[in-house]
Amino acid sequence: MSLTLRTISREQHLAYIQSLPSASHCQVPAWADVKTEWRSENLGWFDKNGEIVGAGLVLYRQLPKIKRYLAYLPEGPVINWYAPNLEDWLQPMLAHLKQQGAFSVKMGPPVVIRRWDSAAIKSGIQDPDVKRLRDVEATHIEPRAFEVSDRLRKMGWQQGEDGGAGFGDVQPRYVFQVPLANRSLEDVLKGFNQLWRRNIKKADKAGVEVVQGGYEDLAEWQRLYEITAVRDRFRPRPLSYFQRMWTVLNSEDPNRMRLYFARHNGVNLSAATMLVVGGHVWYSYGASDNIGREVRPSNAMQWRMLRDSYAMGATVYDLRGISDSLDETDHLFGLIQFKVGTGGEAVEYVGEWDFPLNKLLHKALDIYMSRR
């Protein structure tokens, strides 16, 4: 199959994404407007009949002081990753990006390699010899994903470290998902562990209500988010980031981003943002106050978001990143513990890959990043 690659308009890009069952929220054209510190370009792959068969959002970050760029395709490009002629898709992309002044390319193929169901994760947590998810036998393995990795290596792509070099914003290699396709809501709720079901009941009994918010509620979101940042010791993004995110994503598609609050006696106790692309829904950012935890607002909010996703016809509810640590003393362990209660599955992607177009500059970037 002979393929050509060229810059396309945002409209063409969006139309292509909308024709698919789903794609990553990092690959919709409006994501470029969220990441204002990067320059962006929309790429399209065309077959010999002139039909668009793939698309990619490229973000360019300039190196300090020189006109050379890191080209980044977060969770993309959106192409046929299992094509036997993968080179014919990626070589024209590398040639084009080099022409644009890129010294290095980073991409995140949206290709799943392994899945672990909740039972497998729980047995791993209970086994004192098991410290990482990869020490647990996977429930499902995708053999084609190994072929993708082999092909990329043969072409000269290098697998990024877990945690990635890049400019901070790397995409998680391990995520947690609740599959919704071909399941009833009763079945989904039955999959929750006892503690989750108890907490959902507790919140209901206490009169916790979960409501959707709008742009005008983002300041209240920010209040809860900053409380969370102090408690969990991370640097919060500014309110302007979420305002921009809301404006640009929802002008592309009015249902792209949603905001939820769980409140008790009129006081907001927890909040979350949600992103929607086709049949894939992501729980994106979460926040909660230090008070009112006994009425279980976070469980109530997740259950409502899951039900809303189901009502929209979503095939997967994605709780985003987890660490692969199953060690109870690890500070990130709580994350997987909370998410595993939903009865979903841990999912491992093939991770991010780098192609150094200029080995010297690529190395210099690595050194610069490791010192930060």
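The following refers to the structure shown.

Conventions adopted
- Residues numbered from 1 in each chain as written.
- Predicted model: local features only at pLDDT ≥ 70, side-chain atom pairs only at ≥ 80, totals over all residues.
- Heavy atoms only, no water.
- Core = buried A, V, L, I, M, F, W, Y, C linked by side-chain atoms within 4.5 Å.
- Buried < 20%, exposed > 50% of the residue type's maximum accessible area, 1.4 Å probe, protein only.
- Helix = DSSP H or I, 4+ residues; strand = E, 2+ residues; numbered from the N terminus.
- Contact = heavy atoms within 4.5 Å.
- Phe/Tyr/Trp six-rings, centres within 6.5 Å; stacked < 30°, edge-to-face > 60°.
- Pairing = 2+ DSSP bridges.

### Comments concerning the nonpolar core
In this structure, Trp116, Ile121, Leu133, Met305, Leu306, Tyr317 and Leu326 are the most contacted members of the largest nonpolar core, which totals 42 residues. Top contributing element to this core by residue count: helix α10 (residues 297-311), with five residues. Setting aside chain neighbours within four positions, we find leucine 326 in contact with Ile121, Gly124, Ile125, Val130, Lys131, Arg132, Leu133, Val136, Phe333 and Ile336.

### Some words on the packing of aromatic side chains
By the definition in use, this model includes 15 aromatic pairs. Here tryptophan 45 and tryptophan 89 contribute two aromatic rings whose centre-to-centre distance is 6.3 Å and whose plane-to-plane angle is 40°, an arrangement assigned as tilted. Note that tryptophan 45 is positioned in strand β2 (residues 39-46) and tryptophan 89 in helix α3 (residues 86-99), a separation of 44 residues in sequence. Residue tryptophan 45 is classed as buried on the basis of its relative accessible area of 0%. Residue class for tryptophan 89 comes out buried when judged on its relative accessible area of 3%. Between phenylalanine 192 and tryptophan 196 the ring centres are 5.3 Å apart and the planes differ by 85°, which places this aromatic pair in the edge-to-face class. Overall, the relative accessible area of 3% leaves tryptophan 196 in the buried class. In textbook terms, an aromatic cluster arises when at least three aromatic residues are bridged by ring pairs, as seen for Trp221, Tyr225, Phe234, Tyr241, Phe242 and Tyr285.

### Looking at the pairing of strand β12 (residues 267-277)
The buried fraction of β12 is high, at ten of eleven residues. Sheet topology places strand β11 (residues 257-264) next to β12; eight bridges connect them, and they run antiparallel. Paired with arginine 258 across the two strands is methionine 274, which belongs to β12. Linking two consecutive strands that pair antiparallel, namely β11 and β12, is a turn of two residues; a positive phi of about 50° is found at asparagine 265 within it. The pairing of β12 with strand β13 (residues 280-288) spans eight bridges and is antiparallel.

### Focus: unusual backbone geometry
Cis rather than trans, the peptide bond between glycine 76 and proline 77 has omega equal to 0°. Within the fold, proline 77 resides in the loop between β4 (69-73) and α3. The backbone phi angle of glutamate 75 is positive, close to 50°, even though this residue is not glycine. Counting through the fold element by element, glutamate 75 comes out in the loop between β4 and α3. Given the relative accessible area of 14%, glutamate 75 is considered buried.

Nothing here speaks to function; it is geometry throughout.
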